[in-house]
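Analysis of the macromolecular model
Residues per chain are reported as follows:
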Amino acid sequence: MKLRMVIADEKDDLDRALKIRSEVFVKEQGVPSHLDHDADDDTSIHLLAYADKELIGTGRLTWVPHSGWQLARIAVIKPYRGLGIGRMIIENLEAIALSKKANRVFLRPHKHLQPFYEKLGYRLMNGEVIRIQNLELVIMEKHLN
Ligand SMILES: CC(C)(COP(=O)(O)OP(=O)(O)OC[C@H]1O[C@@H](n2cnc3c(N)ncnc32)[C@H](O)[C@@H]1OP(=O)(O)O)[C@@H](O)C(=O)NCCC(=O)NCCS
C-alpha cells in the first residue's frame, strides 16, 4: 500500500474531502451537515490522504483571525484507523503551518480524543468544555518550535 498526502488544489478535491467527512462526521457521528461543512472550508487548506488510489482521510488548516492557525476535520475512514494515518495527516498539516511561519497551532477536538492529541504533543489550553448540540469539545494547542 502506497500512502500519499495531497494538498487540495482543485474544486473536486474539496468535494472529495467533504465526502469523507460526510461519511465520518455526519453518518457515523451524527454531526449535522451544516456544522461539518462550514464557511471556513472556502478559506482553508485541505489535505487528502490516499492509500494507492483510494481516498482514506482528510484534514484542514485554517487561519482564524485573532486566534491563529487551526487544525480541524481530521478524519480517517474506519477500515484504515489505527495505522498511523491520523498522525500523518496531523503532522503534514503542522508542516504546512510551519511553512506559513506559524509557531503554534490549535484545535477543538472531541473531549474523548484528548489522549490521542496529547500523544501527538497537544496540551489543553484551559479546562473549558464547549457543548455544541450533542458534542463535547475541548481546546488544545501545540507549539511547533
Ligand atoms: C481520531 C482519528 C483521526 C485517529 O486516526 P487514526 O489513523 O486511527 O490514528 P493513528 O493510527 O494515527 O493513531 C496515532 C496514535 O494515537 C493512538 N490513538 C488512536 N486513536 C485514539 C483514541 N481514540 N484515543 C487515544 N489514542 C488513540 C494510536 O494508538 C496511536 O498511538 P501509537 O503511536 O502509540 O501507536 C480517527 O480515529 C478518526 O477519523 N475518528 C473519527 C473522526 C474524528 O472523531 N476525528 C477527530 C475530530 S476532533
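Anyway, here's the lowdown on the structure attached to this text. Bear in mind that the values here come from a model prediction, so they are computed numbers and not experimental data. (Residues numbered from 1 in each chain as written. Predicted model: local features only at pLDDT ≥ 70, side-chain atom pairs only at ≥ 80, totals over all residues. Heavy atoms only, no water.)

**Considerations on the sheet that holds strand β4 (residues 68-76)**
Pairing is mixed in the open sheet, where 7 strands are placed in the order β1-β2-β3-β4-β5-β9-β6. Of all the strands in the sheet, just β1 (3-7) and β6 (123-124) have a single pairing partner and so form its edges. Pairing analysis gives 4 bridges linking strand β5 (residues 104-107) to strand β9 (residues 140-143), with the strands arranged antiparallel. Each bridged residue has a counterpart across the sheet, and for V105 the counterpart in β9 is K142. Sheet contacts for helix α1 (residues 11-28): β1, β2 (45-51), β3 (54-64) and β4; angle to β3, the most-contacted strand, approximately 100°. (Pairing = 2+ DSSP bridges. Helix = DSSP H or I, 4+ residues; strand = E, 2+ residues; numbered from the N terminus. Contact = heavy atoms within 4.5 Å. Axes fitted to C-alpha atoms, helices over the stretch in contact; angles between N-to-C directions.)

**Focus on the pairing of β4**
Of all 9 residues making up β4, 9 are buried, and the element is well covered by its neighbours. Between β3 and β4, which pair antiparallel in sequence order, lie 3 residues; one of them, H66, sits at a positive phi of approximately 70°. As defined by bridge partners, β4 adjoins β5 across 2 bridges and the pair is classed as parallel. Bridged to W69 within β5 is V105. (Buried < 20%, exposed > 50% of the residue type's maximum accessible area, 1.4 Å probe, protein only.)

**Regarding the pattern of salt bridges**
Applying the stated criterion to the full structure yields 15 salt bridges. Two residues, R16 and E10, come together in a salt bridge whose shortest N-O distance is 3.7 Å. Residue R16 is classed as partly exposed on the basis of its relative accessible area of 32%. One salt-bridge network, in which partners are shared between bridges, spans R21, D36, D38, D40, D41, R60 and R73. (Salt bridge = Lys/Arg side-chain N within 4 Å of Asp/Glu carboxyl O.)

Function cannot be inferred from these measures alone, as they are strictly geometric.
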